[in-house]
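Chains, contacts and geometry: an overview
Below are the chains, spelled out letter by letter.
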Amino acid sequence: MAGTGTSTTRSPSPERGPGAPSAEQALLRAGQALCERPGALRELGALLEAADPAALARLAAALDGLAAPPRREQDGAEPPGRDTALAAVAERAERVGAAFLLLLQKLEDARSQESPVKPIPKRVLGHAFIFAVTHKEERPWTTARSRAVAQEVLERLLRAAGCASVEEFLQGKEGDEDGRFGEVMGILKQELTKDTWKRNPASKDVFSWSLLRVGRPWLCPHLERVLPPALLLSDDFQEENKVLGVRCLHHIVLNVPGADLCQFNRAQVVFHALYNHLYSREAPLIQAVLLCLLDLLPVLERCQRRQGQGRASSSSPWHQVLQLLLAHMEAEHRLALRRVYAGTLPAFVTRLGILIVRHLRRLERVILGYLEVSDGPGEEARLGILQTLQCTIEHAWPRMPCRLPVLLKALLRLLWDVHSERGPTPEPVRAALLQEGTQCLILLDRCCQGRVKVLLAGLHSSCEENRLQECFRKVQEST
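Figured I'd write up the structure that's included with this text. Just so it is clear, the model here is predicted, and its values are computed rather than measured. (Residues numbered from 1 in each chain as written. Predicted model: local features only at pLDDT ≥ 70, side-chain atom pairs only at ≥ 80, totals over all residues. Heavy atoms only, no water.)

1. A few points about the overall build of the protein chain
Tallying secondary structure elements over the protein chain gives 24 helices and 0 strands in all. Burial analysis of the protein chain (479 residues in total) assigns 53% to the buried set. With an accessible surface of roughly 21900 Å², the protein chain has 51% of that area assigned to carbon and sulfur atoms. (Helix = DSSP H or I, 4+ residues; strand = E, 2+ residues; numbered from the N terminus. Buried < 20%, exposed > 50% of the residue type's maximum accessible area, 1.4 Å probe, protein only. Areas by Shrake-Rupley, 256 points an atom, 1.4 Å probe, with all protein chains shown as cover.)

2. Observations regarding the state of the cysteines
Taken as a whole and judged by the stated rule, the model has 1 disulfide. Put simply, cysteine 262 and cysteine 303 are joined by a disulfide, and their sulfur atoms are 1.5 Å apart. Its torsion about the S-S bond being -65°, the disulfide of cysteine 262 and cysteine 303 is classed as left-handed. Placement of the pair is cysteine 262 in helix α14 (residues 258-262) and cysteine 303 in helix α16 (residues 283-306), with a sequence separation of 41 residues. Considered together, cysteine 262 and cysteine 303 belong to a single accessibility category, that of buried residues. The thiol sulfur of cysteine 391 is not disulfide-bonded, and the nearest other cysteine sulfur, from cysteine 440, lies at 9.4 Å. No disulfide involves cysteine 448; its sulfur sits 4.1 Å from the nearest other cysteine sulfur, which is in cysteine 447. For cysteine 448, a relative accessible area of 0% gives the class buried. (Disulfide = S-S within 2.5 Å.)

3. What to know about the packing of helix α11 (residues 203-211) against helix α13 (residues 239-255)
A packed helix pair is summarised by two numbers, namely the angle formed by the two axes and the spacing between the axes. Relative to each other, α11 and α13 sit at 30°, their axes nearing to 10 Å. By the criterion of interaxial angle, the relationship of α11 to α13 is roughly parallel. Crossing angle aside, the handedness with which α11 passes α13 is left-handed. Between α11, through Lys204, Phe207, Ser208 and Leu211, and α13, the contact on the second element is made entirely by Glu240, Asn241, Leu244, Cys248, His251 and Ile252. Classifying every residue of the contact of α11 with α13 gives 5 nonpolar, 3 polar and 2 charged. (Axes fitted to C-alpha atoms, helices over the stretch in contact; angles between N-to-C directions. Parallel < 35°, antiparallel > 145°, perpendicular 65-115°, else oblique. Left-handed = near helix turned anticlockwise from the far one by under 90°. Contact = heavy atoms within 4.5 Å. Nonpolar A, V, L, I, M, F, W, Y, C, P; charged D, E, K, R; others polar.)

4. Observations concerning unusual backbone geometry
Cis rather than trans, the peptide bond between arginine 216 and proline 217 has omega equal to 0°. Along the chain, the position of proline 217 falls in the loop between α11 and α12 (223-234). Backbone geometry places phenylalanine 264, a non-glycine residue, at a positive phi of 60°. Here phenylalanine 264 lies in the loop between α14 and α15 (266-277).

5. Overview of the nonpolar core
Formed by 142 residues in total, the largest nonpolar core has its most connected members in Phe129 and Ile252. The element contributing the most residues to this core is α16, with 14 residues. Among residues more than four places away in sequence, those in contact with phenylalanine 129 are Leu154, Leu157, Val166, Phe169, Leu170, Val184, Trp209 and Ser210. (Core = buried A, V, L, I, M, F, W, Y, C linked by side-chain atoms within 4.5 Å.)

6. So, helix α22 (residues 427-447)
For α22, spanning 21 residues, the distance from its first C-alpha to its last is 31 Å, which sits close to the expected 30 Å at 1.5 Å a residue. The first or second residue beyond α22 is glutamine 449, which carries a positive phi of 55°. (Expected span 1.5 Å × (residues − 1).)

7. Things to note about the environment of proline 401
When you line up the elements, proline 401 lands in the loop between α20 (380-395) and α21 (404-420). In this view, proline 401 contacts Cys447, Cys448 and Arg451; residues no more than four positions away in its chain are not counted.

8. Section: the environment of leucine 223
Among the secondary structure elements, leucine 223 is positioned in helix α12. Judged by relative accessible area, which is 3%, leucine 223 ranks as buried. Each C-alpha atom of the pair leucine 223 and leucine 261 lies 8.7 Å from the other, and the pair is 38 residues apart in sequence. Those residues within four positions of leucine 223 in sequence are excluded, and the remaining contacts are Pro228, Ile252, Val256, Asp260 and Arg266.

9. Overview of the side chain of lysine 136
Note on placement: lysine 136 falls in helix α7 (residues 122-136). Excluding residues within four positions of it along the chain, lysine 136 makes contact with Arg147, Ala150, Gln151, Leu154 and Trp209.

10. Let's talk about the pattern of salt bridges
Overall, the coordinates contain 23 salt bridges when judged by the stated rule. Measuring nitrogen to oxygen at the nearest pair gives 3.7 Å for the salt bridge that ties glutamate 152 to arginine 156. Here arginine 156 and glutamate 152 lie together in helix α8 (residues 144-161), a separation of 4 residues that amounts to about one turn. We note a salt bridge from arginine 467 to glutamate 427, for which the minimum N-O separation is 2.6 Å. Taken as a pair, arginine 467 in helix α24 (residues 466-477) and glutamate 427 in helix α22 lie far apart in primary sequence, 40 residues in all. Of the residues examined, arginine 467 reaches a relative accessible area of 31% and is grouped as partly exposed. What you see here is one network of salt bridges that share partners, running through Glu330, Arg362 and Arg365. (Salt bridge = Lys/Arg side-chain N within 4 Å of Asp/Glu carboxyl O.)

11. Describing the packing of aromatic side chains
Per the counting criterion, the structure on display carries 6 aromatic pairs. Here the aromatic rings of phenylalanine 129 and phenylalanine 169 are separated by 5.4 Å at their centres, their planes lie at 25°, and the arrangement is stacked. Here phenylalanine 129, found in helix α7, pairs with phenylalanine 169, found in helix α9 (residues 166-171); they are 40 residues apart in sequence, far enough to count as distant. Measuring from centroid to centroid gives 6.3 Å for tyrosine 275 and tyrosine 279, while their planes differ by 85°, and the two rings are edge-to-face. On the accessibility criterion, tyrosine 275 (16% relative accessible area) is buried. Clustering of aromatic rings is evident, with ring pairs tying together Phe129, Phe169 and Trp209. The positively charged end of arginine 213 is found above the aromatic ring belonging to tryptophan 209, 3.8 Å away from the centroid. The ring centre of tyrosine 370 lies 3.9 Å from the NZ or CZ of arginine 338, which sits over that ring. (Phe/Tyr/Trp six-rings, centres within 6.5 Å; stacked < 30°, edge-to-face > 60°. Lys NZ or Arg CZ within 6 Å of the ring centre and 35° of its normal.)

12. A look at the packing of α22 against α24
Where α22 contacts α24, the axes come no closer than 9 Å and their chain directions differ by 30°. One finds that α22 runs roughly parallel with respect to α24. Once α22 is placed against α24, the crossing between them reads as right-handed. Here α22 contributes Glu427, Arg430, Ala431, Leu434, Thr438, Leu441 and Ile442 to the contact with α24, which in turn contributes Arg467, Cys471, Lys474 and Val475.

Treat this as a map of the structure, not an account of what it does.
Quick look at the structure:
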């Protein structure tokens, strides 16, 4: 991908310069001839013996460029003749992979023999890593053979670098900050700008794959390099890129100290990028955004607390997000989105605590509406809403007595529907719904001074359904 920018970054000529030694020129020519002459690999092996580190770095850049996927238009559109170009890339990748294996083997041999050679240039390792990650997964420009070669390059790269894992290669060994992630990002830099990232179809994959393997505390020094590309991905019009960008942002939020995220309003920028996605209608994106917000909002809250604001403010991000979330939940009819919303709602209620009372009126409507409608065999939405109701009762219990008639009626209707319906819902799911519904009744009884027991006393004695009798018995015996 240093090899995937403009044509000038691909060509070794500008790096070589007019005064380059003839040995280096021969080395670069042999590298570029890999796809043209069968004997070029042997010639390259002979020339590697006398090459200096700078020449090896330029060779690695040239090899990486030879195996780059076909360039796209600036808007990401595929060029004409795509299929032919993709097949040619896979074939070139096999030969380039063989050259990288030879190069890394030479360097590994020199390292193991403790010969008086300089350390392996980071640039060589960076380009070899980018080549391996570009071609190791199933992509339009790879084949089974090219993927096998790329995987072998990655394994030999780790051995040559003396690393036991990809994480150690990128982060550095424990107590040593000298990882190679900075070098990889330096090579990718020109490929991850607003005008270039879509032209190389592999750049986003290499970036995200590498980023997700760098954790705390090694990621913080690279924050300025990784945050802009993640925001670019999340701001794209394609859902696949949006989800990938949000996952990258989530990883950054989890692995960078809050103080660094608060500097220069970075956390606020990320919040606005995520908040805009809440208007999306795609369930995978909404789920990724809500999970990221649950980890970002505490960081943003600490930032605002230092500025004299807090969660109690009606304009705080917590209240903004929950207000919009409930508005969308109330009108949502698509089951996939209802499941996502209901699955994350308990966490928002728990985080807000007693402040959830500001949203009780709309939250009550959402709970009642979701309890009425089955969402399929798994009943994820109903189970999530029952957990939400439990959290709401626990945190806003002083407001529950006035809502007891409505909530009790909805819970009893749910228990009867679950027991009487003969649909495709598996028995364990039915049992979970009955258990969660019973727990809601127990919590309501505790915060209403035993009124639920009194109201259910007649039902317990007259109900002939064993499963419902068991639910009522648990309520009556609760303390």
